[in-house]
Amino acid sequence: MRDVRFSTAVANAKVAAVTGMLDGGWVLVYDGERPASAAQDPDPRCALLARLQFGVPAFEPPARGRAEARPFRPCVGEVFGTPTWFRASTARGEAAFDGTVGPRAGGVGDAPREDWAREVQFDMYVDGDVHEGGEVAVESFAYVEDLRS
């Protein structure tokens, strides 16, 4: 099926199924290049920058194929680095999905990060680089099922 389009009810059910698996689970934030699939282990050259734990429940109820994560428990950075991707996993450590991480504030090159972030869409936004021992602030994290696929 190449051009399947789901109803909002089906998209919400898919979102609820995935996000429900993440109650008490984790978001592992890495630098470097993410694997081709969440079924693959991270490249050993990728540094684990931070471990954020989902609450219970992990997400708000879905609406229009989207669910916002509830606030994460406080977390500090494990090492310094620029986050580029994350892995969401269950409370038992089973991988659920990977996504991209991007900045919200500060500057990249000559363009402010606010402008850069508008041009490049990320799955999760954090407040700049992760610093060892520093607080990791997640500005936005949502799970979305496209109604068109």
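Residues numbered from 1 in each chain as written. Predicted model: local features only at pLDDT ≥ 70, side-chain atom pairs only at ≥ 80, totals over all residues. Heavy atoms only, no water.

1. Digging into the side chain of Asn12
Logical step 1: One can find Asn12 in helix α1 (residues 8–20).
Logical step 2: Since its relative accessible area comes to 17%, Asn12 is described here as buried.
Logical step 3: Leaving out residues up to four positions away in the same chain, Asn12 has contacts with Pro62, Ala63, Arg64, Gly65 and Arg66. (Helix = DSSP H or I, 4+ residues; strand = E, 2+ residues; numbered from the N terminus. Buried < 20%, exposed > 50% of the residue type's maximum accessible area, 1.4 Å probe, protein only. Contact = heavy atoms within 4.5 Å.)

2. Points about α1
Logical step 1: A rise of 1.5 Å per residue sets the reference length of α1, with its 13 residues, at 18 Å; its end C-alpha atoms lie 18 Å apart and thus fit the reference within 8%.
Logical step 2: Of the residues making up α1, those classed as buried are Ala11, Asn12, Val15 and Thr19. Projected down its long axis, α1 shows its buried positions confined to an angular sector of 100°, all on one face. (Expected span 1.5 Å × (residues − 1). Arc of directions from axis to C-beta.)

3. Structural notes on the pairing of strand β4 (residues 85–89)
Logical step 1: Burial analysis of β4 places 5 of its 5 residues in the buried class, the great majority of the element.
Logical step 2: Alternating residues of β4 divide into Trp85, Arg87 and Ser89 and Phe86 and Ala88, and every residue in both groups is buried.
Logical step 3: Here 5 bridges tie β4 to strand β5 (residues 95–103), and the two strands are oriented antiparallel to one another. When the sheet's bridge partners are listed, Ser89 is paired in β5 with Ala95. (Pairing = 2+ DSSP bridges.)

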